[in-house]
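Coordinate analysis (summary)
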Amino acid sequence: MTAPAQVRVLVAKPGLDGHDRGAKLVARGLRDAGFEVVFTGIRRRVDDIVATAVQEDVAVVGLSILSGAHVALTHRTVTALRAAGAGDIQVVVGGTIPAGDVARLQEAGAAAVFPTGTPLDAIVADIRALTAPED
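Before going into details, it helps to say that this report is about the structure given with it. (Residues numbered from 1 in each chain as written. Predicted model: local features only at pLDDT ≥ 70, side-chain atom pairs only at ≥ 80, totals over all residues. Heavy atoms only, no water.)

Let us now look at the sheet that holds strand β3 (residues 60–65). Strand order in the open sheet formed by five strands is β2-β1-β3-β4-β5, with parallel pairing between adjacent strands. The two strands at the open ends of the sheet, each matched to only one other strand, are β2 (36–39) and β5 (112–115). Adjacent strand axes in the sheet meet at a mean angle of 20° when their direction is disregarded. Sheet topology note: the β3/strand β4 (residues 90–95) ladder contains six bridges and is parallel. (Pairing = 2+ DSSP bridges. Helix = DSSP H or I, 4+ residues; strand = E, 2+ residues; numbered from the N terminus. Axes fitted to C-alpha atoms, helices over the stretch in contact; angles between N-to-C directions.)

What follows concerns the pattern of salt bridges. Pairing is possible between side chains that carry opposite charge, provided their charged atoms lie close to one another. The final tally for this structure, using the stated rule, is six salt bridges. Here D32 and R31 are joined by a salt bridge, their closest N and O atoms 2.8 Å apart. Here R31 falls in the partly exposed class, since its relative accessible area comes to 47%. With a closest N to O distance of 3.3 Å, D101 and R104 form a salt bridge. R104 sits in the partly exposed class, given a relative accessible area of 44%. One salt-bridge network, in which partners are shared between bridges, spans R8, E36 and E56. (Salt bridge = Lys/Arg side-chain N within 4 Å of Asp/Glu carboxyl O. Buried < 20%, exposed > 50% of the residue type's maximum accessible area, 1.4 Å probe, protein only.)

Fair warning: the whole summary comes from geometry, so function is off the table for now.
Written as C-alpha cells, this is what we have:
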C-alpha cells in the first residue's frame, strides 16, 4: 500500500552540513513509497526550511543532520514552525545521532528519530503512521 499522493514531505539539510547522500536516499525511498517529496538541498537556514514547509504545505519536515547540532537545530525548527502557525507539521530527524540524544530530540519536539543505519522501510512506515488520516 502506498501513501496518499497528497502527503508531502520536506527533506531538509539545516546548518553547515554539506553531506547529502543519506538525505537523497531517504527522499528517493519516500518518493518510491508514494509520498510527494520536496528536497531543499544543503546548508539551509531554519527560517528558510520553515518558509518552504509552509509554502509547500507539507505534512512532515525531515531534518537530515550529521553535524552534531541536531538537538539545537531540531528545537529551533519546531519553535519556528510553531511561530509561523504551522505547529501541526510533524518534524522527524535523521542522521548521526547518538542513542543518548534520542530522548532529547523527542523533548525538543521531534515526532520520530532515525539514527544512521535505520532501515528505509522503518522510516517509510513511521512517516506513514505519522501522516495516516485519523478515523
